[in-house]
Amino acid sequence: MEEFLERSFQVIEQSGWFAPLFFVLLHVFRQVFFIPVLLICLLGGYLFGTVYGSIYSILGLTAVSVVFYGLIHIFPSMRKKLTKLKKRFLKEKHQLTVVQMMIMRLMPFIHFHLVSLYLIESTKNLKEYTKYSFFVSIPPAVVYTAFGDMIHELPLAGTVVFATFLAILFLFFRKKRTNIKWDDFFSTSKQ
């Protein structure tokens, strides 16, 4: 993996105006080599700076999501495995908000494609899925690119505090539901 990253880094650095294209493609192919999103976004910040690195990472993460959308429809067994993972992660069945999905994408220990599966299940078609994938990719691209070194170098206590903060945000932005019991809904009031 280190050798792959070093070679990718050299190719991108020496490719001039093709560098952004190679960087976006690196995002797409990183999953084959099990390279975390965080590392690629850090690389983007190092090579292109915060603004351009974030833009290229957003495009790359959106491209990964679109490729995943195609693969999940070609290989239904992959969808079944991710659905099992999703059921283990969230025991009860409820719909996540876009803000919650953005926060989930920020959490490095949550599988990238788990959020993509939620997006597939909550959108109607590829166009809508791509639009929401773009929005959900903005926070991790910007945060990891701009503050990646800080997050990466935090001591364990700092990482736990940051993860706790993200979990609190996740819970704060959940959809509010009203549950009415069957008996209460169909109760006959005696007047």
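The preceding data block contains the structure.
Residues numbered from 1 in each chain as written. Predicted model: local features only at pLDDT ≥ 70, side-chain atom pairs only at ≥ 80, totals over all residues. Heavy atoms only, no water.

Caption draft 1: View of the overall build of the protein chain. Of the regular secondary structure elements, the protein chain holds nine helices and zero strands. In sequence order, the secondary structure elements of the protein chain are arranged as α-α-α-α-α-α-α-α-α. Burial status across the protein chain gives 37% buried among its 191 residues. In the protein chain, the share of contacts with a sequence separation of at least 24, taken over all contacts with a separation of at least 6, comes to 73%. Only carbon and sulfur atoms are counted for the fraction: they give 66% of the accessible area of the protein chain, which is about 12500 Å². (Helix = DSSP H or I, 4+ residues; strand = E, 2+ residues; numbered from the N terminus. Buried < 20%, exposed > 50% of the residue type's maximum accessible area, 1.4 Å probe, protein only. Contact = heavy atoms within 4.5 Å. Areas by Shrake-Rupley, 256 points an atom, 1.4 Å probe, with all protein chains shown as cover.)

Caption draft 2: Representation of the side chain of serine 65. Along the chain, serine 65 turns up in helix α3 (residues 37-74). Judged by relative accessible area, which is 0%, serine 65 ranks as buried.

Caption draft 3: Looking closely at the environment of valine 99. On the secondary structure map, valine 99 appears in helix α5 (residues 98-106). Using a relative accessible area of 33% as the deciding quantity, one classes valine 99 as partly exposed. Between the C-alpha atom of valine 99 and that of phenylalanine 135, which follows or precedes it by 36 residues, the distance is 9.3 Å.

Caption draft 4: Examining the packing of α3 against helix α6 (residues 112-122) more closely. Interaxial distance between α3 and α6 falls to 10 Å at its minimum, and their mutual angle equals 50°. Regarding the angle of α3 to α6, the classification is oblique. In the packing of α3 onto α6, the handedness of the crossing is right-handed. Here Val37, Leu61, Val64, Ser65, Phe68, Tyr69, Ile72 and His73 of α3 come into contact with α6, specifically with Phe112, His113, Ser116, Leu117 and Ile120. Class assignment for the residues of the contact of α3 with α6 results in nine nonpolar, four polar and no charged. (Axes fitted to C-alpha atoms, helices over the stretch in contact; angles between N-to-C directions. Parallel < 35°, antiparallel > 145°, perpendicular 65-115°, else oblique. Left-handed = near helix turned anticlockwise from the far one by under 90°. Nonpolar A, V, L, I, M, F, W, Y, C, P; charged D, E, K, R; others polar.)

Caption draft 5: Quick peek at the packing of aromatic side chains. Inspection of the entire model under this criterion finds six aromatic pairs. With centroids separated by 5.4 Å and ring planes inclined at 70°, the aromatic side chains of phenylalanine 23 and phenylalanine 48 adopt a geometry described as edge-to-face. Taken together, the residues phenylalanine 23 in helix α2 (residues 19-29) and phenylalanine 48 in helix α3 connect sequence positions 25 residues apart. Overall, phenylalanine 48 belongs to the buried group, its relative accessible area being 18%. With centroids separated by 5.9 Å and ring planes inclined at 65°, the aromatic side chains of phenylalanine 134 and phenylalanine 135 adopt a geometry described as edge-to-face. Note on phenylalanine 135: relative accessible area 36%, which makes it partly exposed. Clustering of aromatic rings is evident, with ring pairs tying together Phe23, Phe48, Tyr52 and Tyr56. Here the guanidinium or amino end of arginine 105 rests over the ring plane of phenylalanine 112, the centre of that ring lying 3.8 Å away. (Phe/Tyr/Trp six-rings, centres within 6.5 Å; stacked < 30°, edge-to-face > 60°. Lys NZ or Arg CZ within 6 Å of the ring centre and 35° of its normal.)

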